[in-house]
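So the chains spell out like this:
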Amino acid sequence: MLFVGDDWAEDHHDVEVQDEDGKVVKRVRLPEGMAGITRFHDLVGRFVAEDADPSDVLVCIEVDRGPWVRALVAAGYRVFGVDPKQAARHREILGSSGAKSDKGDAHALADMIRTRRHQLRQVAGDSQIAEAVKVVTRAHQTLLWERTRHMLRLRVALRDYFPAALAAYKPLGLTSEAVLRLLAKAPTPETAARLTINQIRAALKGRRDIPAKAAAIQDVLRGEHLGQAPLVTGAYASTVKALVAVITVLNSEINTLEGEVEAHFGRHPDAEVILSQPGIGVVLGARVLAEFGDAEGRYASAKARKNYAGTSPITRQSGKTKVVQARFVHNDRLVDALHLQASCALLHDPEVRAYYDQLKARDVSHNAALRQVGNRLVGILHGCLKTHTTYDRATAWSHRNHDLAA
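This structure is a prediction, so every number in the text was calculated from the model and none was measured. Along each chain, residues carry numbers from 1 onward, in the same order as the chain's sequence is written. Residue-level local features of this predicted model are given only where pLDDT is at least 70; pairs of side-chain atoms are given and counted only at 80 or more, and the full residue set underlies all totals for whole chains, interfaces and linings. Hydrogens and water molecules were not included; the side-chain quantities draw on all heavy atoms of the structure.

A.B. asks: Please clarify how the environment of tyrosine 356 should be interpreted in this entry.
C.D. replies: By definition, any uninterrupted DSSP run of H or I lasting at least four residues is a helix, any uninterrupted run of E lasting at least two residues is a strand, and each is numbered from the N terminus. Following the sequence through the fold, tyrosine 356 ends up in helix α16 (residues 350-361). For the pair tyrosine 356 and alanine 215, spaced 141 residues apart in sequence, the C-alpha to C-alpha distance is 43 Å.

What follows is the structure, encoded as structure tokens:
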């Protein structure tokens, strides 16, 4: 067997090859791209027998995606993507001086895969559909986060020079199309106070109870509020118009990407199973699929899936001290999706609500209870995906009902 440590950078890879005894047989720097992967195959070919299986080559690298990793997996090598923190800890085991170099990192990765491969998780290739879902869902969520950031910047600016706008538009939401149209048309207190009822009604087109809402907005905008000097107000208005333009574009692209998310997710064979889970809609289901992936055998058990999800607790014990804590190292996108699922499931599934109430009765905090609900829902999802069956409330919560009956 050959053990390869691959320390990657944007334009090159530092590679070290070790044999089964840990002897370094080759160190080399390879370029990124086709030239580099071709030389990688040639390098491996020098040290393996002609009839050797590609799976006898184990590659350790600090990334689990991208064209380079895909090419390694396609060649039949066993690729292990490790967390950079894991690699850093192993490097400290090999030397305590704190010295660091690209060659040293490649050496640590090769030694890590040779000595600890039973503790590492092999990169399992997701289907093309799952990868496509991941691309569009992550882009969609990133734009949502960007819109939130720009909305907060807009809110701060309005608070500093135009507090009447915050009071008038709060019921509508600062990122709504109606508010954006009004701010673009009247970004200063003076111009906003001159807005007519008809102009406000036109901006509110498509909403309910337009006359009452338009009148309420006009009353607030024409009231007395603190403000800034005219020159400063004009400067703030320029920044607000720019933020409004950015948020308007983000709204449009978010809607476009949401359609792509729905289209790609709908093609996946597990879509029906995921959508049957409590608290999950199309967008949330696509996020769950994207972050878990669909590679067969990636999660050996429900516990393994829960551990990856970050919903299962960890225990720290030393002597007589034992503490159970939440996992702080996790996939932020997946944790966010599972938290939203648990929150929505409370409103739509009586069994989930009963489990949450049971936890609250034990003085568990809201967030901790939601995390435990999410942990249970991940286990249910694992069982449904394993058997490819949709969610059944009686089956999923039969153990809890049995315990209550006992």
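A.B. asks: What is the right way to look at the environment of alanine 369 in this model?
C.D. replies: Mapped onto the fold, alanine 369 is located in helix α17 (residues 366-387). Per-residue accessibility, obtained with a 1.4 Å probe over protein chains only, is compared with the maximum for each type, and a residue is labelled buried under 20%, exposed over 50%, and partly exposed between these values. With relative accessibility at 0%, the residue alanine 369 sits in the buried group. Residues alanine 369 and glutamine 358, spaced 11 residues apart in sequence, show a C-alpha to C-alpha distance of 9.2 Å. By definition, residues are in contact when any of their heavy atoms lie within 4.5 Å. Leave out the neighbours within four places in its chain, and alanine 369 touches Tyr356, Leu359, Lys360 and Val364.

A.B. asks: Help me understand a positive patch on the surface in this model?
C.D. replies: A cluster of like positive charges, contributed by Arg181, Arg207, Arg208 and Lys213, occupies part of the molecular surface. For lysine 213, the position within the fold is in helix α10 (residues 210-221). By relative accessible area, which is 32% here, lysine 213 ends up partly exposed. Each patch is built from residues that are more than 30% exposed by relative accessible area and take part in no salt bridge. Like charges join if they lie within 9 Å; nonpolar side chains (Val, Leu, Ile, Met, Phe, Trp, Tyr) join within 5 Å. Here the accessible surface of atoms and residues is derived via Shrake-Rupley with a 1.4 Å probe, and residues count as covered only by protein chains that are part of the display. Basic side-chain nitrogens of Lys or Arg form a salt bridge, by our definition, when they fall within 4 Å of a carboxyl oxygen of Asp or Glu. In this charge count, Lys and Arg are treated as positive and Asp and Glu as negative; neither His nor the chain ends contribute. To locate a charge, the coordinates of NZ of Lys, CZ of Arg, CG of Asp or CD of Glu are taken.

A.B. asks: Would you mind showing me how to read the nonpolar core here?
C.D. replies: Soluble globular proteins: nonpolar side chains tend toward being buried together. Residues belong to a common nonpolar core when they are buried Ala, Val, Leu, Ile, Met, Phe, Trp, Tyr or Cys residues joined through side-chain atoms within 4.5 Å. Phe292, Val373 and Trp397 are the most contacted members of the largest nonpolar core, which has 40 residues in total. Elements that contribute at least two residues to this core include exactly α5 (128-161), α11 (230-266), α12 (271-275), α13 (282-292), α15 (332-348), α16 and α17. A per-element tally of this core places α17 first, with 10 residues. Excluding its chain neighbours within four sequence positions, the residues that come into contact with tryptophan 397 are Asp349, Glu351, Val352, Tyr355, Arg376, Leu377, Ile380 and Tyr391. The next biggest cluster of nonpolar side chains, apart from the first, holds 32 residues, and it includes Leu158, Leu174, Ala203 and Ile210.

A.B. asks: So what exactly am I meant to see when it comes to the pattern of salt bridges here?
C.D. replies: Two side chains carrying opposite charge are able to pair once their charged atoms lie near each other. Inspection of every chain in the model, using the stated rule, returns 15 salt bridges. For aspartate 105, the salt bridge is made with arginine 91, and the minimal N-O distance between the two is 3.1 Å. Here aspartate 105 is found in helix α4 (residues 102-116), whereas its partner arginine 91 is found in helix α3 (residues 84-94), with 14 residues between them in sequence. On the accessibility criterion, aspartate 105 (5% relative accessible area) is buried. Of the charged contacts in the structure, one is a salt bridge between arginine 114 and aspartate 111, with a shortest N-O distance of 3.0 Å.

A.B. asks: Which parts of the structure should I look at to understand the sheet that holds strand β3 (residues 24-31)?
C.D. replies: Strands in a sheet are paired, the pairing made by backbone hydrogen bonds, and the direction either parallel or antiparallel. We treat two strands as partners when DSSP finds at least two bridges between them. Read from one edge of the open sheet, five strands run β3-β2-β1-β4-β5, paired in mixed fashion. Since the sheet does not close on itself, it has two edges, and those belong to β3 and β5 (78-81), each with one partner. With strand direction ignored, the average angle separating the axes of adjacent strands in the sheet is 20 degrees. As paired strands, strand β2 (residues 12-18) and β3 are joined by seven bridges and run antiparallel to one another. Simply put, an axis is a line fit to the C-alpha atoms, just over the touching stretch for a helix, and the angle between two N-to-C directions goes from 0 to 180 degrees.

A.B. asks: Help me out: how do you make sense of the packing of aromatic side chains in this one?
C.D. replies: Given two aromatic rings, one states the distance between the centres and the angle between the planes to describe the pair. A pair of Phe, Tyr and Trp rings is counted when the ring centres sit within 6.5 Å of each other, with Trp represented by its six-membered ring. The angle between the planes then sorts it: under 30 degrees is stacked, over 60 is edge-to-face, the rest tilted. Across all of its chains, the model carries eight aromatic pairs by this definition. A centroid spacing of 6.3 Å and a plane angle of 85 degrees characterise the contact between phenylalanine 40 and tryptophan 68, whose relative ring orientation is edge-to-face. Of this pair, phenylalanine 40 sits in helix α1 (residues 34-47) while tryptophan 68 is found in helix α2 (residues 67-74), placing the two residues 28 residues apart along the sequence. No difference in accessibility class separates phenylalanine 40 from tryptophan 68, as the two residues are buried. Considering the side-chain rings of tyrosine 161 and tyrosine 236, the 5.1 Å spacing of their centres and the 0 degrees angle between planes classify their relative orientation as stacked. Taken together, the positions of tyrosine 161 in helix α5 and tyrosine 236 in helix α11 put the pair 75 residues apart, joining distant regions of the chain. Tyrosine 236 gets classed as partly exposed once you look at its relative accessible area, which sits at 24%. Each residue in the set Phe40, Trp68 and Tyr77 is aromatic and connected to the rest through ring pairs, giving one cluster. One residue, arginine 305, lies across the ring of phenylalanine 292, its end atom 4.8 Å from the ring centre. Lysine NZ or arginine CZ positioned within 6 Å of the ring centre and within 35 degrees of the ring normal marks a charge as sitting over the ring. Positioned above the aromatic ring of tyrosine 355 is the side chain of arginine 376, whose terminal nitrogen or guanidinium carbon lies 4.6 Å from the ring centre.

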